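Remarks on the overall topology
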Amino acid sequence: MDTFLRFQHPAILWLVPAVLLLLGWFLHWSWKKRQKLINIFVKSRLLASLTVGVSKKRQFVRIGLLLVATALLLVALARPQYGFHWEEARQKGLDIVVAIDTSRSMLAADIVPSRLERARLAALDLMTLARRDRLGLVAFAGTAFLQCPLTLDDEAFRQSLNALSTEIIPQGGTALNEALETAKKAFDASNDNYRAIILITDGEDHEEGVIETAELAVAQGYRIFTVGVGTPAGELLQITDEQGRKSYIKDDQGNVVKSSLNEQLLRRIATAGQGSYIQLRDASSLEKLYQTGLEPLPKGEISARLTRKYHERYQWPLALAILLLLIEVFIVDQKRVKRPDGPIRSGTVLKETTTS
């Protein structure tokens, strides 16, 4: 048991002096205003008889009680906590591996600024949506490798995304088979919950057998979702050299290479992988994919750790504030005075009793 006093919202405590000063000024202003109005509407010779027995000391006590009660209410809002106990926190979520195509066809600017940049932004959108899920990253071109293991660390995933470029894998081509196999190895084999693989690519596969690989992955407990980057019309591929000069990419025969989005293949992969296909258009594309395809999947336990559960003590200042407000209500401004034996004459001032 820890004996350290802490506040859940300590910033509220900084408001205490300002609120008390404002409240004190308001109470002083209202008292002065009331005195001014009394002097205007009540004749001075009657004022003494009307205010007989009024105790300024009691008025100050009531103001003091209001100020202290207000301070205690603000302290209660800051949520003081005293002591804690350890509690095991178990988090459920999905394991998701994002495989991003880094081949040179991803340099195409048929969607601005480029296919690769849009793929990176889409993965960041997914990270925002998948707050309770573990994310991993695979980069692939002519081969594939695990760029970021499954993690709950958003910053590690973001840094891995920022490191992606078309130069990260020297071997050219688009090996979707290897991308799927590498993604499968990123998962924990002992975890039997659903494991999702998201392929973000233009679908220009240079190998065969990817449909069979997707079907086998489903039998092993994986779901495959595909995100198409680019347009079916395509774009001529350009590269920029160190001097900033642009030139077209040509094939072995000297022809300018044009890259197009292969939606048909990506739809077939998604169908074989019992997932879904979506063309990347804007931020809502990944949101739709997550909400309709990933979020409904059963979630398994992906982490368990001990966390401190602090004991709330806001009841103490709150109860004391209520008590002070109740006391303030029952304090009257006037003392008891002696009742005169005869009729009260004009201008007569009643004498106070010695008891308060």
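Anything mentioned here points back to the structure above.
On a predicted model such as this, the values are computed, not experimentally measured, just so you know.

1. Some words on the sheet that holds strand β12 (residues 277-279)
Across the sheet, which stays open at both edges, the six strands sit in the order β5-β4-β3-β6-β7-β12 with mixed pairing between neighbours. Two strands in the sheet have a free side with no partner beyond their single neighbour: β5 (144-151) and β12. Across the sheet, the axes of successive neighbouring strands diverge by a mean angle of 20°, strand direction being ignored. Of the strand pairs in this sheet, strand β7 (residues 222-228) and β12 are connected by three bridges, and their pairing is parallel. When the bridges of β12 are listed, Thr 226 appears paired with Tyr 277. Most of the contacts of helix α8 (residues 263-272) go to β7, to which it runs at about 160°, and overall it touches β6 (195-201), β7 and β12.

2. Remarks on unusual backbone geometry
For the bond from Val 112 to Pro 113, the omega torsion is -5°, close enough to zero to count as cis. Residue Arg 79 is not a glycine yet carries a positive backbone phi of 55°. As for its position among the elements, Arg 79 is in the loop between α3 (56-77) and β2 (80-93). Accessibility expressed as a relative area gives 31% for Arg 79, which makes it partly exposed. A positive phi angle is found at Gln 274, which is not glycine, with a value near 55°. Counting through the fold element by element, Gln 274 comes out in the loop between α8 and β12.

Parameters at a glance
In every chain, residue numbers begin from 1 and rise along the written sequence. Local features in this predicted model are restricted to residues of pLDDT 70 or higher, and side-chain atom pairs are both shown and tallied only at a pLDDT of 80 or more, whereas totals for entire chains, interfaces and linings draw on every residue. With hydrogens and water stripped out, all remaining heavy atoms of the structure feed into the side-chain values. Paired strands, as defined in this entry, are two strands with at least two bridges between them according to DSSP. Helix and strand assignments come from DSSP, with helices taken as H or I runs of at least 4 residues and strands as E runs of at least 2, each series counted from the N terminus. To get an axis, a line is fitted to the C-alpha atoms, and for a helix only the part in contact is used. The angle between two axes follows their N-to-C directions and goes from 0 to 180 degrees. Throughout, a contact is declared for two residues whenever any of their heavy atoms are within 4.5 Å. Remark: exposure states derive from per-residue accessible area (1.4 Å probe, protein chains only) relative to the maximum for the residue type, with buried under 20%, exposed over 50%, and partly exposed in between.

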